[in-house]
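# Geometric and topological summary
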Amino acid sequence: MTDFIRVALPKGRLGEKVYTMFDKAGYPCPELMEDNRKLVLENAEKGIRYFWVKPSDVAVYVQRGAADLGVAGSDVLVENAPDVYELLDLKVGICQMVVAAPVTWEDTGIRALRVACKYPRIAARYFEEKGRDIDIIMLNGSVEIAPLLGLSDVIVDIVETGKTLKENGLHVVENILPISARLIAGKTSYQFRHERILEMCASLKAVVEGQT
Ligand code: PRP
């Protein structure tokens, strides 16, 4: 019976980039890039099984041992602080966590700042350090729309190209933290399968070094 290393990959744009890195590192599974709706795919010869999961759920699978390894954005890792090991910065999915606001907005400092975001802990910590009172408005996406509709004063969100901000009349007020994709491992998996995990990590590191 094949002893599979189970890898949770984030579905979507980032996942495809990341899979290419695993492929280059010697862990191909061409079916992953085919036009199908399969969520679990494997390459028995290489002893690898991939799962496509929602990016924000990767660390849940890894922490609970349903996957040995996973790739998660450092935004999710900082926000949720899962109990996993962070093994490698893959240096893809690079973006910034920022405070953004309408170009005409100025902080009068009078009342609690209404902050719309998908990352309430990161936002709370950031403004607490600045000593600014805030009222967090938790959203699950399209956060840029909140100040346009008067729901919030500012947003805390991720900026990659800056296109979404620009096209919605917003701009970066402050940078909070740089973000990139990280290889993570479950603590139990790392303990019992560390040889194979470290071998994969070394191969991926070589791919990362080759791409920079
Ligand atoms: C992310 C992020 C911004 C956008 C930034 O959203 O939350 O909205 O990408 O990218 P840009 O700077 O290149 O324009 P995502 O696509 O994940 O969708 P969401 O708004 O539903 O969260």
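The structure this text deals with has already been given above.
Residues numbered from 1 in each chain as written. Predicted model: local features only at pLDDT ≥ 70, side-chain atom pairs only at ≥ 80, totals over all residues. Heavy atoms only, no water.

### Looking at the overall build of the protein
- Along the protein, the regular secondary structure elements total eight helices and 11 strands.
- Counting only C-alpha atoms and orienting by the principal axes, one finds that the protein spans roughly 65 × 35 × 30 Å.
- The burial tally for the protein puts 42% of its 212 residues in the buried class.
- Accessible surface, the protein as shown: approximately 11600 Å² in total, 50% of it carbon and sulfur. (Helix = DSSP H or I, 4+ residues; strand = E, 2+ residues; numbered from the N terminus. Buried < 20%, exposed > 50% of the residue type's maximum accessible area, 1.4 Å probe, protein only. Areas by Shrake-Rupley, 256 points an atom, 1.4 Å probe, with all protein chains shown as cover.)

### Notes on the nonpolar core
- Among the nonpolar cores identified, the biggest contains 29 residues, and Val 7, Leu 9, Phe 22, Tyr 50 and Leu 90 are the most heavily contacted of them.
- At the level of secondary structure, the elements contributing two or more residues to this core comprise strand S1 (5–10), helix H1 (13–24), strand S3 (48–53), strand S4 (69–73), strand S11 (181–185) and helix H8 (194–211).
- Broken down by element, this core gets its largest block of residues, six residues, from H8.
- In contact with Phe 22, not counting residues within four places along its chain, are Val 7, Leu 9, Tyr 27, Pro 28, Tyr 50, Val 71, Leu 183, Met 200 and Leu 204.
- Counting 15 residues, the second-largest nonpolar core is a separate cluster that includes Val 99, Ala 101, Val 115 and Phe 127. (Core = buried A, V, L, I, M, F, W, Y, C linked by side-chain atoms within 4.5 Å. Contact = heavy atoms within 4.5 Å.)

### Focus: the site of the ligand
- Taken together, 13 residues sit near the ligand, with Lys 118, Glu 144, Thr 161, Gly 162 and Thr 164 positioned nearest.
- One of the backbone N or O atoms of Glu 160 is found 2.8 Å from an oxygen atom in the ligand.
- One of the backbone nitrogen or oxygen atoms of Gly 162 is found 2.8 Å away from an oxygen atom of the ligand.
- Within the complex, 69% of the 490 Å² of free accessible area of the ligand lies under protein.
- Of all the secondary structure elements, the ones that give two or more residues to the shell around the ligand are strand S9 (154–159) and helix H6 (163–167).
- Per-element tally for the shell around the ligand: the top contributor is S9, with three residues.
- Tallied by class, the residues present in the shell around the ligand amount to two nonpolar, five polar and six charged. (Near = heavy atom within 4 Å. Polar contact = N/O pair within 3.5 Å; in protein donor to acceptor, adjacent residues only side chain to side chain. Nonpolar A, V, L, I, M, F, W, Y, C, P; charged D, E, K, R; others polar.)

### Regarding the pattern of salt bridges
- Applying the stated rule across the entire model yields 16 salt bridges.
- Here Asp 3 ties to Arg 196 by a salt bridge, and the two come within 3.7 Å at their closest N and O atoms. Of this pair, Asp 3 sits in the segment before S1 while Arg 196 is found in helix H8, placing the two residues 193 residues apart along the sequence.
- For Asp 3, a relative accessible area of 47% translates into the label partly exposed.
- For Arg 196, a relative accessible area of 27% puts it in the partly exposed group.
- Among the charged side chains, a network of salt bridges with common partners joins Asp 3, Arg 6, Asp 68, Arg 193 and Arg 196. (Salt bridge = Lys/Arg side-chain N within 4 Å of Asp/Glu carboxyl O.)

### A few points about the sheet that holds strand S2 (residues 40–43)
- Sheet architecture is open: six strands sit in the order S2-S3-S1-S4-S11-S5, paired in mixed fashion. Both outer strands of the open sheet, S2 and strand S5 (85–89), are each paired with one neighbouring strand and no more. Strand-to-strand twist in this sheet, taken as the mean axis angle between neighbours without regard to direction, amounts to 25 degrees.
- Bridge count for S1 against S3 is six bridges, and the pairing is parallel. From the neighbouring strand, Arg 6 faces S3, where its bridge partner is Arg 49.
- Relative to S1, H1 is tilted by about 145 degrees, and along the sheet it contacts S1, S3, S4 and S11.
- Running at roughly 25 degrees to S5, H8 makes contact with S1, S3, S4, S5 and S11 of the sheet. (Pairing = 2+ DSSP bridges. Axes fitted to C-alpha atoms, helices over the stretch in contact; angles between N-to-C directions.)

### Some remarks on the pairing of strand S8 (residues 134–138)
- Where strand S7 (residues 113–117) meets S8, five bridges bridge the pair, whose relative direction is parallel. Paired with Val 115 across the strands is Ile 136, a residue of S8.
- As for the winding sense of the linkage, the β-α-β connection from S7 through helix H4 (residues 120–130) to S8 is right-handed. (Right-handed = clockwise from strand over helix to strand, strands pointing away.)

### Some remarks on the environment of Pro 120
- Inspection of the secondary structure assignment puts Pro 120 in helix H4.
- Sequence spacing of Pro 120 and Leu 139 is 19 residues, and the spatial spacing of their C-alpha atoms is 9.3 Å.
- Setting aside chain neighbours within four positions, we find Pro 120 in contact with Glu 79, Ile 136 and Met 138.

In short, geometric facts, not functional conclusions.
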